[in-house]
Amino acid sequence: MMVERELLGKNIEDVQRLNQVSVLQVLRQNGVISRKQISDYVGLTPGTVTNIVRDLIEAGYVIETGFLSGKKGRRAVGLTINPEGFYVMGVRLSRASIVCRIYNPNAEVIVSKKVPIEDFERAQQVLNCMLDSMGEVIEESGVAGKLQAIGVSTPGPLNLKEGKITYLHGNIDWRDVPIRQLVQDRFGIPTILEHDANAAALAEVLFGEAKDVNNLVYVAVGRGIGAGIILKGEPYHGSLGTAGQLGHVSVNLDGPRCQCGGSGCLTNYSSSKAFIKRMQHLGVDTKGEINGLVDLAKHGNKTVHEEVMKAAHYTGVAVASAVNLLNPEVIIFGDEMTWFGPLWFNTAKETVLSRLAPEIAQGVDVRLSSFGQDAFLLGTGAIALEYVCQNPVMNR
């Protein structure tokens, strides 16, 4: 029987690529920096760094900024990532809308387009709309020749190995959808698929108030419920890429049967979709939208007020279990149910902390997203940017 093994040897081309990636990462992290400083950071000889920088400049990834001030003797020339050297696209597909954005290497938005989804049940129609919207944004941006990666975030569970949406709760059309392949076939550009909650978690770690946090759980409580998990500074996906399905943690063993095969799943009690359905059952006029219910809660509607607290309580119960299992430093809540403000958040937070041992509760910080709904797309763009810097195209 043949046993697969990892090949440890490196060809000269592999070493060269690793060194190029190291230099790009140092430039991303430090802004403007000299060749000598790069050499000190990465541990390569000045001559090797000079050759790598020359190649990166020729490929369009790096530019010189002029002389750095405050240097004695021979003045050093500053280097930085070329803000017009390449571009990426971030796409968020949610149950409510499709948002497409073109980002430059500094994660600055060049073009953005949002399209509401009228009927999410019709998967093929939604996918066609997404692909068409992406094409329109690429054309409008005028950077098609420099677009090097596309990041796509969607609800889950996902099979990241195969690039598929495994299924979406309550939507029978969305099963085994090869979304990564659909995008790559249409545009011929490397495409990275990620769970939307993981993308949001990355945004908080890379750009938000959690930059120094190594272990974090981002809980997206929208039309579905998912958890983005960061462990030791890296996203955790599990063996198939389906980790983080917090919405399918049971909070009532005698609850209704769920499409996933379980019973009493959190998503059937605490998602915004379930909340709207519950309000309709209780005779509250929702017009099928969460915003109207948020307004009713703000104006003191007793029924909405009580049900918001119930939904938040169930969420807190499930999240407390996640804290006991993963021991994160930070829990961040985001997505539609957080729009109810302190009424929802304070209830969820108090429930989480009250169900933890005091020593554990003291070591976890529970907070709201610092980016709101932008977290999902910002993280998706960051994933695409990271892909480019890990896989620079040197002959273009």
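**Quick word on the sheet that holds strand S3 (residues 77–81)**
Working step 1: Taken in spatial order, the 3 strands line up as S1-S3-S2 in an open sheet, and their pairing is antiparallel. Strands at the two margins of the open sheet, each flanked by one partner only, are strand S1 (33–34) and strand S2 (62–67).
Working step 2: Helix-sheet contacts for helix H1 (residues 12–30) involve S1, S2 and S3, and the interaxial angle to S3 is about 95 degrees.

**Side note on the packing of aromatic side chains**
Working step 1: Summed over all chains, the structure comprises 7 aromatic pairs.
Working step 2: A ring pair is formed by Tyr-269 and Tyr-314, whose centres lie 4.8 Å apart and whose planes are at 45 degrees; its orientation type is tilted. Pair noted here: Tyr-269 is in helix H7 (residues 267–270) and Tyr-314 is in helix H10 (residues 302–326), with a separation of 45 residues, a long-range link.
Working step 3: Assessed through its relative accessible area of 26%, Tyr-314 is described here as partly exposed.
Working step 4: Members of the aromatic cluster, each reached through a chain of ring pairs, are Phe-333, Trp-344 and Phe-345.
Working step 5: Above the plane of the ring of Phe-376 lies Arg-92, whose end atom (NZ or CZ) is 3.7 Å from the centre.

**Some words on the confidence of the model for the chain**
Working step 1: With 95% of its residues at a pLDDT of 70 or more, the chain shows a mean pLDDT of 91.
Working step 2: Low confidence marks residues 1–7, where pLDDT is under 50. Its contacts with residues over four positions away, or in another chain, come to 0 contacts.

**Notes on the pattern of salt bridges**
Working step 1: Under the counting rule described, the total for this entry stands at 14 salt bridges.
Working step 2: A salt bridge links Arg-101 to Asp-374; the nearest nitrogen and oxygen atoms lie 3.3 Å apart. Here Arg-101, found in strand S5 (residues 97–103), pairs with Asp-374, found in helix H13 (residues 374–390); they are 273 residues apart in sequence, far enough to count as distant.
Working step 3: Given the relative accessible area of 40%, Asp-374 is considered partly exposed.
Working step 4: A salt bridge links Glu-136 to Lys-113; its shortest N-O distance comes to 3.2 Å. Taken as a pair, Glu-136 in helix H4 (residues 123–141) and Lys-113 in strand S6 (residues 109–116) lie far apart in primary sequence, 23 residues in all.
Working step 5: On the basis of relative accessible area, Lys-113 is assigned to the partly exposed category, the value being 27%.
Working step 6: Members of the salt-bridge network, linked through shared partners, are Arg-92, Asp-196 and Asp-335.

The rules behind each value
Residues numbered from 1 in each chain as written. Predicted model: local features only at pLDDT ≥ 70, side-chain atom pairs only at ≥ 80, totals over all residues. Heavy atoms only, no water. Pairing = 2+ DSSP bridges. Helix = DSSP H or I, 4+ residues; strand = E, 2+ residues; numbered from the N terminus. Contact = heavy atoms within 4.5 Å. Axes fitted to C-alpha atoms, helices over the stretch in contact; angles between N-to-C directions. Phe/Tyr/Trp six-rings, centres within 6.5 Å; stacked < 30°, edge-to-face > 60°. Buried < 20%, exposed > 50% of the residue type's maximum accessible area, 1.4 Å probe, protein only. Lys NZ or Arg CZ within 6 Å of the ring centre and 35° of its normal. pLDDT = per-residue confidence, 0-100. Salt bridge = Lys/Arg side-chain N within 4 Å of Asp/Glu carboxyl O.

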